[in-house]
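Spelled out from the first residue to the last, the chains are:
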Amino acid sequence: MEYKPNYTYVLECRDKTLYTGWTNNLDKRIKAHNEGRGAKYTKPRRPVKLLYYETFPSKEEAMRRECEIKRMSRKEKLELIRGQVPKKGNA
């Protein structure tokens, strides 16, 4: 069976808000967000820009990390993006 990585990612929206999600195809997912086929949150806030991602071997790990990041404050997310917080996974 072929290994297919899973990703947890953080986007910056046009209004400078941050959006966190997970996917198994990062390029396709970012394209979908920018075409208005991503999340309800990002649709009116396009275009979005990928700021950060981490790679995981399983969907469950990526989803777990998504929940962890979503619980962070904006300041903590920005510190993570700047590399000031230890990353989990293989990013």
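Residues numbered from 1 in each chain as written. Predicted model: local features only at pLDDT ≥ 70, side-chain atom pairs only at ≥ 80, totals over all residues. Heavy atoms only, no water.

Moving on: unusual backbone geometry. What is expected of a backbone is that most residues other than glycine have negative phi and most peptide bonds are trans. Of note, the bond from Arg 46 into Pro 47 is cis; its omega dihedral lies within 30 degrees of zero at 0°. Turning to its location among the elements, Pro 47 is positioned in the loop between α1 (26-34) and β3 (49-56). Positive phi outside glycine occurs at Lys 16, with the angle close to 75°. Mapped onto the secondary structure, Lys 16 falls in the loop between β1 (6-12) and β2 (18-23). (Helix = DSSP H or I, 4+ residues; strand = E, 2+ residues; numbered from the N terminus.)

Here the focus is the UniProt feature "domain: GIY-YIG" (unreviewed entry) in the protein chain. Here, UniProt's "domain: GIY-YIG" (unreviewed entry) annotation points to residues 4-80. Secondary structure content for residues 4-80 is 36% helix and 27% strand, and the end C-alpha separation is 24 Å. (UniProt positions renumbered as here; feature names shortened; annotations may be inferred.)

Turning to its location among the elements, Glu 54 is positioned in strand β3. Reaching out from Glu 54, the side chain makes a polar contact with the side chain of Arg 65 at a distance of 3.0 Å. (Polar contact = N/O pair within 3.5 Å; in protein donor to acceptor, adjacent residues only side chain to side chain.)

The next subject is the sheet that holds β1. One open sheet holds the 3 strands; their spatial order is β2-β1-β3, and the pairing between them is antiparallel. Unpaired on one side and paired on the other, β2 and β3 mark the two borders of the sheet. Ignoring which end each strand starts from, the neighbouring axes of this sheet average 20° apart. Judged from the 6 bridges that link them, β1 and β2 form a sheet pairing that is antiparallel. (Pairing = 2+ DSSP bridges. Axes fitted to C-alpha atoms, helices over the stretch in contact; angles between N-to-C directions.)

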